[in-house]
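# Geometric and topological summary
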Amino acid sequence: MKNNKMVRWHLLPVLAMAILAAGCSTGKTETGVARAKTVTEAARSEKQISKEEASYYRKSIAYFRKGEYERAISGFSRVIDLSPNNSKAYFDRALAYKKVGEHEKAIADYTKAM
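First, a word on scope: everything that follows refers to the structure included in this document. Model, not experiment: these values are computed from the prediction.

Calculation rules
- Starting from 1, residues in each chain are numbered consecutively following that chain's sequence as written.
- Thresholds applied to this predicted model are a pLDDT of at least 70 for local features of residues and 80 or more for the giving and counting of side-chain atom pairs; totals over whole chains, interfaces and linings are not thresholded and use all residues.
- Here the side-chain values reflect all heavy atoms present in the structure, with hydrogen atoms and water set aside.
- Definition used for salt bridges: Asp or Glu carboxyl oxygen within 4 Å of a side-chain nitrogen of Lys or Arg.
- Only protein chains enter the accessibility calculation, which uses a 1.4 Å probe; a residue whose area is less than 20% of its type maximum is buried, one above 50% is exposed, and one in between is partly exposed.
- Secondary structure elements are taken from DSSP: a helix is a run of H or I of four residues or more, a strand is a run of E of two residues or more, and numbering for both begins at the N terminus.
- Each aromatic pair joins two rings of Phe, Tyr and Trp (for Trp, the six-membered one) with centres within 6.5 Å, and gets the label stacked for planes under 30 degrees apart, edge-to-face for over 60, and tilted for any other angle.
- As a reminder, the over-ring test applies to NZ of lysine and CZ of arginine, requiring each to be within 6 Å of the ring centre and within 35 degrees of the ring normal.

### Quick word on the pattern of salt bridges
Considering all chains together, one arrives at four salt bridges under this definition. Put simply, E68 and K66 hold a salt bridge, and the shortest N to O gap is 3.8 Å. On the accessibility criterion, K66 (57% relative accessible area) is exposed. Of the charged contacts, one joins R93 and D109 as a salt bridge, the two residues approaching to 2.5 Å between their closest N and O atoms. You can see R93 sitting in helix α5 (residues 87–99) and its partner D109 sitting in helix α6 (residues 103–113), a full 16 residues away along the chain. One continuous salt-bridge network, built from bridges that share partners, spans K66, E68 and R71.

Printed below as a string of structure tokens:
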């Protein structure tokens, strides 16, 4: 069972990116983001994170949902500072970078999320 969880955790960022891409290709980016968030929520439940990391992550998601993308980027960056291997933070920061037109940074973060 532990190996199955390991495989699921490893594949979740890729699955989330595929869902997002499907939403983008149909012109329904927000639907893709919502589905990708569901996948990252599942990933979050599989991994123990510190209270500080969880706090920054929740605030960053809230900023993203309010359209405050620069603040979201700052928050996700703080999460990455606390946990450099946090693929969901890289993925979500990539989404925020995409929203502000920082496509090169978004691509770099998508790559790190995989």
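Moving on from the coordinates now.
### Overview of the packing of aromatic side chains
What the rule picks out here adds up to three aromatic pairs. Relative to Y69, the ring of F64 lies with its centre 5.2 Å away and its plane at 70 degrees, an arrangement referred to as edge-to-face. Here Y69 falls in the partly exposed class, since its relative accessible area comes to 21%. We note K59 situated over the ring of Y56; from NZ or CZ to the ring centre the distance is 5.9 Å. Taking the ring centre of Y57 as reference, the NZ or CZ of K88 above it sits at 5.5 Å.

All we've got here are geometric facts, nothing functional implied.
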